[in-house]
Amino acid sequence: MNNTKILEINNLYVNVNATQIIKGLNLSINSGEVHAIMGKNGSGKSTLAKVIAGHPIYNITKGKILFKGEDITFEEPEERSHKGIFLAFQYPVEIPGVSNTDFLRLAYNSKRKAYNEKELDPLSFFDLINKKMQSIDMNSIFLTRNVNEGFSGGEKKRNEILQMDLLESQLSILDETDSGLDIDALKTISNRINELKNKNHTIILITHYQRLLDYITPNYIHIMREGQIIYTGDKNTAKNLEKYGYECIP
């Protein structure tokens, strides 16, 4: 396991619409680790995910977010993306009028441009994306459709994992990727996530349920309550939650 810290969050306070959601949160993650964040609805899990990714609606009033040792607390989302942060949304949005292939190629080439690398032409990109689609059992017909438009819940989640794979991010935050998936889709997506995790790819899983963690084993599980991480345990923490509920957490 790599002991290099990829993410450090120190004493973070976050407001949205004048309501404080995150209240003095601390978190430290090493490169190559898998961390799961669990908690009841309203505990601040999704807010934390979006704040790390730089969503503009959230107002950081105190604290710092460090990515690979660099302060990104107030950086724009696209700058964080180019540096290697990816967020898979709990509810992926539809983008009418924009084909999936154009969207994916634009995102891919935007990152290459940020690193002064040559952009891929449409034909080369089509070869690349087709290979990656096969790894998540996704039909190439979805490339010609508008982004997430008419996609089922499972297809939207596959599309998010496809983006994660394509962008080769160093920190991927997956916000309830397991919601809305049948067991076959869950296995396929989990298998691909397991294939992608390595010493250079760190993953944060935000989930309500044990079932995702049956397929992806985290190094640590953090429990959130009222905008704070109140408990950190190992992979067995989720099994205890499934059996006893959040009341078992002091």
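Naming follows an unreviewed UniProt entry, where the chain appears as Probable ATP-dependent transporter ycf16 of Plocamium cartilagineum.

A. A look at the overall build of the chain. In terms of regular secondary structure, the chain is built from 8 helices and 12 strands. Its C-alpha atoms put the chain at 55 × 40 × 40 Å along the principal axes. Accessible surface, the chain as shown: approximately 12100 Å² in total, 47% of it carbon and sulfur. Taken as two groups, the 30 positive and 31 negative side-chain charges of the chain have centres that lie 4 Å from each other.

B. Broad picture of the UniProt feature "domain: ABC transporter" (unreviewed entry) in the chain. UniProt's entry tags residues 7-249 with the feature "domain: ABC transporter" (unreviewed entry), counted in the numbering of this structure. The annotated region residues 7-249 carries 35% helix and 29% strand content, and the separation between its end C-alpha atoms amounts to 25 Å.

C. A look at the environment of T144. With respect to the secondary-structure elements, T144 resides in the loop between α4 (122-134) and β8 (146-147). Residues T144 and T202 lie 58 residues apart in sequence; the distance between their C-alpha atoms is 31 Å. Within polar-contact distance, the side chain of T144 engages the backbone oxygen of I141 at 2.8 Å.

D. Spatial organisation of the side chain of N100. Within the secondary structure, N100 sits in helix α3 (residues 100-114). With relative accessibility at 0%, the residue N100 sits in the buried group.

E. Representation of helix α6 (residues 183-196) in the model. The terminal C-alpha atoms of α6 lie 20 Å apart, and with 14 residues this matches the ideal 20 Å at 1.5 Å per residue to within 8%. Looking at the packing, one finds that the buried side of α6 touches α5 (153-167), β9 (171-175), β10 (202-206) and α7 (210-213). The residue sitting at the N-terminus of α6 and contributing the capping side-chain oxygen is D182; that oxygen lies 3.2 Å from the backbone nitrogen of D184.

F. Broad picture of the sheet that holds strand β12 (residues 228-233). Overall, mixed pairing links the 6 strands, which are arranged β6-β9-β10-β3-β11-β12 in an open sheet. Unpaired on one side and paired on the other, β6 (85-88) and β12 mark the two borders of the sheet. Averaged over all pairs of adjacent strands, the angle between strand axes in this sheet comes to 20°, irrespective of strand direction. Bridge count for β6 against β9 is 4 bridges, and the pairing is parallel. When the bridges of β9 are listed, F86 appears paired with S172. Here helix α8 (residues 236-244) sits on the sheet and contacts β3 (34-38), β11 (220-225) and β12; the angle it forms with β11, its principal contact strand, is near 45°.

G. Expanded view of the environment of L196. Relative to the helices and strands, L196 is located in helix α6. Between the C-alpha atom of L196 and that of M164, which follows or precedes it by 32 residues, the distance is 9.2 Å. Ignoring sequence-local partners within four residues, the contact set of L196 consists of M164, D165 and H201.

H. Highlighting the nonpolar core. One finds M38, I129, L174, I193 and L205 to be the most contacted residues of the largest nonpolar core, which totals 38 residues. By size, the runner-up hydrophobic cluster in this structure holds 29 residues, among which are L48, A49, A53 and I85.

Rules used throughout
Residues numbered from 1 in each chain as written. Predicted model: local features only at pLDDT ≥ 70, side-chain atom pairs only at ≥ 80, totals over all residues. Heavy atoms only, no water. Helix = DSSP H or I, 4+ residues; strand = E, 2+ residues; numbered from the N terminus. Areas by Shrake-Rupley, 256 points an atom, 1.4 Å probe, with all protein chains shown as cover. Lys, Arg positive; Asp, Glu negative; His and termini not counted. Charge placed at Lys NZ, Arg CZ, Asp CG, Glu CD. UniProt positions renumbered as here; feature names shortened; annotations may be inferred. Polar contact = N/O pair within 3.5 Å; in protein donor to acceptor, adjacent residues only side chain to side chain. Buried < 20%, exposed > 50% of the residue type's maximum accessible area, 1.4 Å probe, protein only. Expected span 1.5 Å × (residues − 1). Contact = heavy atoms within 4.5 Å. Pairing = 2+ DSSP bridges. Axes fitted to C-alpha atoms, helices over the stretch in contact; angles between N-to-C directions. Core = buried A, V, L, I, M, F, W, Y, C linked by side-chain atoms within 4.5 Å.

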